[in-house]
Amino acid sequence: MSELFPRKQIMGFVFSLVLTAAALTVYFLHLSFAQGMVVLLITAFVQALLQLVVFMHAGETKDKWIIYGKVFFMIAMALITVFGTLLLFLWDM
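Not measured: the values here are computed from a predicted model. (Residues numbered from 1 in each chain as written. Predicted model: local features only at pLDDT ≥ 70, side-chain atom pairs only at ≥ 80, totals over all residues. Heavy atoms only, no water.)

Novice: Quick one: what's the story with the overall build of the chain, residue by residue and with numbers?
Specialist: Regarding its fold elements, the chain presents three helices and zero strands. Seen in sequence order, the chain has helices and strands lined up from the N terminus as α-α-α. Relative to a compact globule of 93 residues, whose C-alpha radius of gyration would be 12 Å, the chain shows 18 Å and is clearly more extended. Its C-alpha atoms put the chain at 65 × 40 × 10 Å along the principal axes. In the chain, which comprises 93 residues, the share counted as buried stands at 11%. Sequence-distant contacts, at least 24 apart, represent 54% of the contacts inside the chain between residues at least 6 apart. Per element, the accessible surface of the chain, about 7,900 Å² overall, is 78% carbon and sulfur. With 5 positive and 4 negative side-chain charges, the chain shows a spacing of 9 Å between the two charge centroids. (Helix = DSSP H or I, 4+ residues; strand = E, 2+ residues; numbered from the N terminus. Rg over C-alpha atoms; globule rule 2.2 N^0.38 Å. Buried < 20%, exposed > 50% of the residue type's maximum accessible area, 1.4 Å probe, protein only. Contact = heavy atoms within 4.5 Å. Areas by Shrake-Rupley, 256 points an atom, 1.4 Å probe, with all protein chains shown as cover. Lys, Arg positive; Asp, Glu negative; His and termini not counted. Charge placed at Lys NZ, Arg CZ, Asp CG, Glu CD.)

Novice: Account for the packing of helix α1 (residues 7–28) against helix α2 (residues 33–55), naming residues and giving values.
Specialist: With their axes 9 Å apart at the nearest point, α1 and α2 run at an angle of 165 degrees to one another. Taken together, the axes of α1 and α2 are roughly antiparallel relative to one another. Here the hand of the crossing between α1 and α2 comes out left-handed. Residues Lys-8, Gln-9, Gly-12, Phe-13, Phe-15, Ser-16, Leu-19, Thr-20, Ala-22, Ala-23 and Val-26 of α1 touch α2, and the partners they reach there are Gly-36, Val-39, Leu-40, Thr-43, Val-46, Gln-47, Leu-50, Gln-51, Val-53, Val-54 and Phe-55. A per-class count over the contact of α1 with α2 returns 13 nonpolar, eight polar and one charged. (Axes fitted to C-alpha atoms, helices over the stretch in contact; angles between N-to-C directions. Parallel < 35°, antiparallel > 145°, perpendicular 65-115°, else oblique. Left-handed = near helix turned anticlockwise from the far one by under 90°. Nonpolar A, V, L, I, M, F, W, Y, C, P; charged D, E, K, R; others polar.)

Novice: Kindly report on the layout of surface pockets, identifying the contributing residues and their values.
Specialist: Put simply, the largest pocket is a space of about 150 Å³. If you go around the largest pocket, the residues you meet are Phe-45, Ala-48, Leu-49, Leu-52, Tyr-68, Val-71 and Ile-75. Broken down by secondary-structure element, the contributors of at least two residues to the lining of the largest pocket are α2 and α3 (64–91). When residues of the lining of the largest pocket are assigned to their parent elements, the largest contribution, four residues, is made by α2. Across the lining of the largest pocket, the residue classes tally to seven nonpolar, no polar and no charged. (1 Å grid on protein atoms, 1.4 Å probe; cavity = no way out; pocket = protein on both sides within 12 Å on 5 of 7 lines; lining within 4 Å. Points joined across faces, edges and corners; volume = space filled by probe spheres on them.)

Novice: Describe a nonpolar patch on the surface, and please don't skip the residues or the numbers.
Specialist: Residues Phe-5, Ile-10, Phe-13, Val-14, Phe-15, Leu-17, Val-18, Val-38, Ile-42, Val-46, Phe-55 and Met-56 make up a contiguous nonpolar surface patch of roughly 1,100 Å² in combined accessible area. Within the residue set of the nonpolar patch, elements represented by two or more residues are α1 and α2. For the nonpolar patch, the element with the highest residue contribution is α1, accounting for six residues. You can see Ile-10 is positioned in helix α1. With a relative accessible area of 37%, Ile-10 lands in the partly exposed category. (Patch = residues over 30% accessible without salt bridge, like charges linked within 9 Å, V, L, I, M, F, W, Y side chains within 5 Å. Salt bridge = Lys/Arg side-chain N within 4 Å of Asp/Glu carboxyl O.)

This is the structure:
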């Protein structure tokens, strides 16, 4: 009977709501810019990881480490692109 009840998806949904509420506290608590960015970045990355694992079923196949490796590589490339662009903008000044 436990196979018919989507416990993992419901817990993922509830945790997603908790993360959304945590990110919403940035607005209601009037946090400083630095504190707000830390809270938002942490909740965003945790929620993205939650979506990947729970709702996109990334860890349920035998090639899960290949999927995680590709995701890590994509995140690294995005960060290199963003920070490289910022470096070039600041370097030009």
